[in-house]
Amino acid sequence: MAISLQDLSTIYFDERSKTASKVVLTVERYRINNLLRLLGGDTSLEKINTQTMQNYINKRSQEGVAPVTVQREVEQLVTRSEEHTSELQSHSDLVCRLL
């Protein structure tokens, strides 16, 4: 089953809202909203590749976003996506996290 960025975001925030502060959730929602806006919420994780991420980096840079901010957004997506993939492969019923 392919999971979209929007699906992963929803799953993540459902779980994350139980433990994170409002400030942390606000920052994380800002980051994921940029990813959803530029990559598309219906984009499958399976379709995100190096070129997709480079395009995202280029677009965010053109918007005047600091490189360190873009780096954090990309790192969080990659880390959470890998965790999700690993969890699905080893434990199909585990809830994943995006950010």
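Note that the structure is predicted; figures quoted are calculated from it, not measured.

*Asks:* Please explain the pattern of salt bridges as it appears in this structure.
*Replies:* Side-chain pairing between opposite charges can occur once the charged atoms of the two side chains come close. On inspection of all chains with the given rule, the structure shows five salt bridges. The salt bridge involving Arg16 is made with Glu28; its shortest N-O contact spans 3.1 Å. Here Glu28 lies in helix α2 (residues 22–39) and Arg16 lies in helix α1 (residues 5–16), a separation of twelve residues in the sequence. Taking the relative accessible area as the measure of exposure, Arg16 reaches 19% and is therefore buried. Taking the shortest distance from any N to any O, the salt bridge between Glu63 and Arg60 comes out at 2.8 Å.

*Asks:* So what exactly am I meant to see when it comes to the environment of Leu36 here?
*Replies:* Tracing the chain through its elements places Leu36 in helix α2. Along the primary structure Leu36 and Ser4 are separated by 32 residues, whereas in three dimensions their C-alpha atoms are 9.9 Å apart. The residues contacting Leu36, other than those within four sequence positions of it, are Leu5, Gln6, Ser9 and Gly41.

*Asks:* Looking at this structure, I do not really get the nonpolar core. What am I missing?
*Replies:* Nonpolar side chains tend toward joint burial in soluble globular proteins. Counting residues in hydrophobic clusters, the biggest one holds 20 residues, and the most contacted among them are Leu5, Leu39, Ile48, Met53, Tyr56 and Leu77. Elements supplying a minimum of two residues to this core: α1, α2, α3 (50–62) and α4 (67–90). Element by element, the count of residues in this core is highest for α2, at six residues.

Thresholds applied
Residues numbered from 1 in each chain as written. Predicted model: local features only at pLDDT ≥ 70, side-chain atom pairs only at ≥ 80, totals over all residues. Heavy atoms only, no water. Salt bridge = Lys/Arg side-chain N within 4 Å of Asp/Glu carboxyl O. Helix = DSSP H or I, 4+ residues; strand = E, 2+ residues; numbered from the N terminus. Buried < 20%, exposed > 50% of the residue type's maximum accessible area, 1.4 Å probe, protein only. Contact = heavy atoms within 4.5 Å. Core = buried A, V, L, I, M, F, W, Y, C linked by side-chain atoms within 4.5 Å.

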